[in-house]
Amino acid sequence: MHRTRASLVTLLLLAPLLAGCGGSQAPTPAANAMVSTGAGISTATVDDATLQASAVAIANLNAAMATRYGLDGHQDGALLVVTVRDADGNALPVGDLQLTATATVLPDPPKGLQLQPIQVDGLTDYIGVFAARPPASVQFRVTAIRNGARTELTTTAELYPR
């Protein structure tokens, strides 16, 4: 049930980007390896925890999702959402793993991105907002460390002029 809820949040965030795209099979998590699955979603595992990073242009969020994350849908930039679940699909307690993130628009160097924990239906996810002006391709890199194991995820959000 918890996996379904996390997947629903991800789908709601990415629905505008995926409209008109053909179907594809869900990615298989990789153990302690960087994985980029395209379409703004990356998945990986670290010490039996599954992480999924999703990126979307803030302008592509529907009004309900923008409100849920405390964003103005008219602002420029990209939203990064990181879900972290145990092997059974349950949320991990805040602080169970160390998450760090960077964001960049080439040719600029990466900048640290603060991730804020948020509670959605009893589950904790982490969000970060990166201000960028379209047109731009915002590249995110997330590093997770849990019990000495480490993994990295990358994902991208495309920003287009409105």
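Placed above this text is the structure.
What counts, and at which threshold
- Residues numbered from 1 in each chain as written.
- Predicted model: local features only at pLDDT ≥ 70, side-chain atom pairs only at ≥ 80, totals over all residues.
- Heavy atoms only, no water.
- Core = buried A, V, L, I, M, F, W, Y, C linked by side-chain atoms within 4.5 Å.
- Buried < 20%, exposed > 50% of the residue type's maximum accessible area, 1.4 Å probe, protein only.
- Helix = DSSP H or I, 4+ residues; strand = E, 2+ residues; numbered from the N terminus.
- Contact = heavy atoms within 4.5 Å.
- Pairing = 2+ DSSP bridges.
- Axes fitted to C-alpha atoms, helices over the stretch in contact; angles between N-to-C directions.
- Salt bridge = Lys/Arg side-chain N within 4 Å of Asp/Glu carboxyl O.

Asks: Report on the nonpolar core, specifying residues and quantitative values.
Replies: Soluble, globular proteins show a tendency: their nonpolar side chains are buried together. The biggest cluster of nonpolar side chains holds 31 residues, and the ones touching the most others in it are Leu51, Leu80, Val82, Leu99, Val138 and Phe140. Of all the elements in the fold, those that place two or more residues in this core are strand S1 (41–46), strand S2 (49–57), strand S3 (78–85), strand S4 (98–105), strand S7 (123–130), strand S8 (136–146) and strand S9 (149–159). Sequence-distant contacts of Leu51, that is, excluding residues within four places in its chain, are made with Ser42, Thr43, Ala44, Val46, Val82, Thr83, Val84, Leu97, Leu99, Ala144, Thr151 and Leu153.

Asks: Tell me about the environment of Asp47, and name the residues and values.
Replies: Summarising the element assignment, Asp47 is placed in the loop between S1 and S2. Distance in space between the C-alpha atoms of Asp47 and Leu97 is 9.7 Å, their sequence separation being 50 residues.

Asks: Lay out the sheet that holds S4 with the relevant residues and their values.
Replies: The strands that make up a sheet are held in pairs by hydrogen bonds between backbone atoms, and each pair lies either parallel or antiparallel. The antiparallel open sheet is built from four strands, whose spatial order is S5-S4-S8-S9. Each edge of the sheet is formed by a strand with only one pairing partner; in this case those strands are strand S5 (111–113) and S9. When strand polarity is set aside, the average angle formed by the axes of neighbouring strands in this sheet is 25°. Both S4 and S5 contribute to a ladder of three bridges, which runs antiparallel. Paired with Ala101 across the bridge in S5 is Leu113.

Asks: Report on the pattern of salt bridges, specifying residues and quantitative values.
Replies: Under the defined criterion, the tally for this structure stands at five salt bridges. Among the ionic pairs, Asp125 bridges to Arg85, the shortest N-O distance being 2.8 Å. Residue Asp125 is located in strand S7, and its partner Arg85 is located in strand S3; the two are separated by 40 residues in the primary sequence. Arg85 matches Asp125 in its accessibility class, with the two residues each being buried. Salt bridges linked by common partners bring Arg141, Arg150 and Glu152 together as one network.

Asks: Provide a residue-level description of the sheet that holds S3, including the pertinent values.
Replies: Sheet architecture is open: five strands sit in the order S1-S2-S3-S7-S6, paired in antiparallel fashion. Looking at strand neighbours, the two that pair on one side only are S1 and strand S6 (116–120), the edges of this open sheet. Going across the sheet, the axis of each strand differs from the next one's by a mean of 25°, ignoring polarity. For S1 and S2, the ladder comprises six bridges, and the chain directions are antiparallel.

Asks: Which residues make up unusual backbone geometry, and what values do they have?
Replies: In the segment running from Leu106 into Pro107, the intervening peptide bond is cis, with an omega of 15°. With omega at -5°, the peptide bond leading from Pro134 into Pro135 counts as cis. One can find Pro135 in the loop between S7 and S8. Positive phi is not limited to glycine here, since Asp47 has a value of about 45°. Residues other than glycine seldom take positive phi values, yet Asn147 does so here, at roughly 50°. Mapped onto the elements, Asn147 comes out in the loop between S8 and S9.

Asks: Which residues make up the pairing of S7, and what values go with them?
Replies: Burial analysis of S7 places seven of its eight residues in the buried class, the great majority of the element. Sheet topology places S3 next to S7; six bridges connect them, and they run antiparallel. Across the sheet, Thr83 pairs through a bridge with Asp125, a residue of S7. In this structure, S6 lies alongside S7, joined through five bridges in antiparallel fashion. Within S7, the position partnered with Pro117 by the bridge is Tyr126.

Shape is all these values report; function is a separate question.
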